[in-house]
Amino acid sequence: MMEPAPVTSATEPAAGATEIHARLRGITRVYGGRGGAAGLHALGPVDLDLRRGEFFSVVGPSGCGKSTLLDVLSGLVPPTAGTAEFEGRPITGVPDGIGVVFQEDASFAWLTVQDNIAFGLRRAGVDAAEIARRVAHAIGFMGLRDFAKAYPAQLSGGMRQRVSIARTLVMRPRLILLDEPFGALDQQTRLLMGDELLRLWRETKATVLLITHALDEAIMLSDRTGVMSARPGLFIDIVETGWPAERDSRVVSDPRFGAMTARLWTQLREESLKIMGNQVPSSSH
Amino acid sequence: MSSVGTLRFAVIAIMVGLLELACRTGLIGPTVIIPPSAMVESLWQILAEGDLTTDILSTFGNVLAAAVLSVVVGFVAGLAIHPLPRLRGALEPLLASYYAIPTFMFYPLFIVFFGVGNRAIIAIAFLLAVVSMVTSTLTGLDRIPPILRKTAKMYRMNRVSTALLIELPATIPHLFTGIKLSVAYAFIGVIASEFILSGAGIGYSISYAYNNFNNRAMYGLMLLVVVAVTTVNMVLHSIDRRFQERSRR
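Residues numbered from 1 in each chain as written. Chains lettered and ligands numbered in written order. Predicted model: local features only at pLDDT ≥ 70, side-chain atom pairs only at ≥ 80, totals over all residues.

A. Quick peek at the overall build of chain B. Of regular secondary structure, chain B possesses ten helices and zero strands. Helices and strands appear in chain B in the N-to-C order α-α-α-α-α-α-α-α-α-α. In terms of principal-axis extent, the alpha carbons of chain B reach across some 70 × 50 × 30 Å. Long-range contacts, defined as pairs at least 24 residues apart, comprise 74% of the intrachain contacts of chain B with a sequence gap of at least 6. (Helix = DSSP H or I, 4+ residues; strand = E, 2+ residues; numbered from the N terminus. Contact = placed C-beta atoms within 7 Å.)

Right under this line is the structure:
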């Protein structure tokens, strides 16, 4: 059986792919805590370097601050302390070039699939011919051709998530942030959507950061997977998968897949038990 | 027509048929209620002769003005109150008990402020209708999934764009409850006000016919109001249903 790829730190440059696309330094987020009251320390301090064009996943126990990390990186939430940069510029609001796909259904119920996808382009003032071209491409790419004129209520959960991905994709983001986008889908659909996500990643050459609960999904899709501790979330491990870019869900049959997934689970189990307030059972059990 | 629609139509037809029978057999005297067929005849005559066209148009114009005003002002007020929880907390008990106060008792004040005529009528109908729109807007805004506002932020939309392009369409299914109520209250407010504040309009004409023992005209005009309100309500209901179907998540 092959050994898993070596563990590296969240900021350690890898050979051959060292251009930093987004950088977090000492990012901390505390909610509330005004007027002398103790706030909720949700995240950090976290350091992270996202390399241009890599697929990075984040796993961690519930409530460890994964979504907060994404909110800070997308500029939706300012950090309490620390600095966040995207393409060398400080993130002070939602930067141009970042697209987010949320776990919840974010489709606009009052718009058809094609109008949903065109929404951001129209807001950005892109000309009509270009909008039509990009929307047609995204609809085809995401397999929504037969549903272009349908309303989200007429689609399944998986199809609606495709609409959300297509809506992000047409804006041509250079950094795509995905917050458990397949959380509500069944396992089979998740695997297939994972393949589509890899296809999308290869075509767009964008940097991808995926927040997920699913350890197999993280290992299957990513170049690197960061493991977060229980709240306040910190990176306790980074696993470099070493998969080739031309991969798909069949990597699950690779012996390294099991070893890496097991490694993630060993760490996550301890962190999850901390959240549940239990003692970690000894290894003899 | 759906089976529910057929049943609804059958119930109405049976009730109208029974009333017709009771009137034609003398069970109900013509000084009390005239047969429904005579009401239809009278309404047709009123519309064909055109003597009351000005009154009818005046009433519908006032209803339209009061309904549009209450929907627009109610929506904007709801939008303004929603992000201010303290103000909302102070206002909500007042809004909840608003309909316990009979607005019509203030009609002398309306005459003082607006004089006798359309402006006073529209003001009363507006006051009657606007609160239902405010409360529906607040409920609708409460029910917008937070993810939609987060998405608006991702598109770097300002407050006005978010309100117009996200919040307004997202709340429309809920707003329709308010719109339907506002239109109904506008009809009630206008027609009831015309009884006491006006020398024109359908309400005034019904009152005039009643005072002159002209049952045919009175019931013809009543039928006109019932048909108009039912038609408007059915149209709004059908649009509402379409929005509800689209907004299922």
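B. Summary view of the pairing of strand S10 (residues 224-228) of chain A. All names here are of chain A. Of all five residues making up S10, five are buried, and the element is well covered by its neighbours. Burial along S10 is two-sided: the face carrying Arg 224, Gly 226 and Met 228 and the face carrying Thr 225 and Val 227 are both buried. Bridging between strand S4 (residues 55-59) and S10 involves four bridges; their strand directions are parallel. By the bridge assignment for S10, Val 58 is matched with Gly 226. By the bridge criterion, five bridges tie S10 to strand S11 (residues 235-240) in an arrangement that is antiparallel. Within S11, the position partnered with Val 227 by the bridge is Asp 237. Counting the residues between successive antiparallel strands, the hairpin from S10 to S11 contains six residues. (Buried ≥ 20, exposed ≤ 12 C-beta atoms within 10 Å, placed from the backbone. Pairing = 2+ DSSP bridges.)

C. The nonpolar core, seen in detail. Leu73(A), Ile117(A), Ala166(A), Leu177(A), Val208(A), Leu209(A) and Leu264(A) are the most contacted members of the largest nonpolar core, which has 76 residues in total. Contacts of Leu73(A), omitting those with residues within four sequence positions, involve Ala22(A), Leu24(A), Ala84(A), Leu177(A) and Leu209(A). With 47 residues, the next largest nonpolar core counts Ala66(B), Ala120(B), Leu128(B) and Leu175(B) among its residues. (Core = buried A, V, L, I, M, F, W, Y, C linked by C-beta atoms within 7 Å.)

D. Looking closely at the sheet that holds strand S2 (residues 20-31) of chain A. Residue and element names in this part refer to chain A. If you trace the four strands from one edge of the open sheet to the other, you get S3-S2-S5-S6, paired in antiparallel fashion. Two strands lie at the open edges of the sheet, namely strand S3 (40-51) and strand S6 (89-90), each paired on one side alone. Sheet topology places S2 next to strand S5 (residues 81-86); five bridges connect them, and they run antiparallel. Looking across to S5, one finds that Arg 23 is bridged to Glu 85. Sitting on the sheet, helix H1 (residues 66-74) touches S2, S3 and S5, and the angle it makes with S2 is about 120°. (Axes fitted to C-alpha atoms, helices over the stretch in contact; angles between N-to-C directions.)

E. Representation of the interface of chain A and chain B within the structure. On the chain B side, the residues contacting the 14 residues of chain A number 16 residues. Split into classes, the residues belonging to the side of chain A that touches chain B amount to nine nonpolar, two polar and three charged. (Nonpolar A, V, L, I, M, F, W, Y, C, P; charged D, E, K, R; others polar.)

F. View of the packing of helix H2 (residues 113-123) of chain A against helix H4 (residues 157-169) of chain A. Residues and elements named next belong to chain A. The interhelical angle for the contact between H2 and H4, taken along N-to-C directions, is 30°, at an axis separation of 7 Å. H2 and H4 meet at a crossing whose hand is right-handed. Facing Val 113, Asn 116, Ile 117, Phe 119 and Gly 120 of H2, the residues of H4 in contact are Val 163, Ala 166 and Arg 167. A breakdown of the residues in the contact of H2 with H4 according to their chemical character gives five nonpolar, two polar and one charged. (Left-handed = near helix turned anticlockwise from the far one by under 90°.)

G. Expanded view of unusual backbone geometry. Residue Arg231(A) is joined to Pro232(A) through a cis peptide bond whose omega torsion reads -5°. Here Pro232(A) is to be found in the loop between S10 and S11. For Phe213(B), which is not glycine, the phi dihedral falls at a positive 55°. Considering the arrangement of structural elements, one finds Phe213(B) in the loop between helix H9 (202-211) and helix H10 (215-247). On the neighbour-count criterion, Phe213(B) (8 C-beta atoms within 10 Å) is exposed.

H. View of the confidence of the model for chain A. Overall, the prediction assigns chain A a mean pLDDT of 86, with 88% of residues at 70 or greater. Here residues 1-8 of chain A is modelled with pLDDT under 50, and outside its nearest four sequence neighbours on either side it reaches 19 contacts, counting other chains as well. (pLDDT = per-residue confidence, 0-100.)

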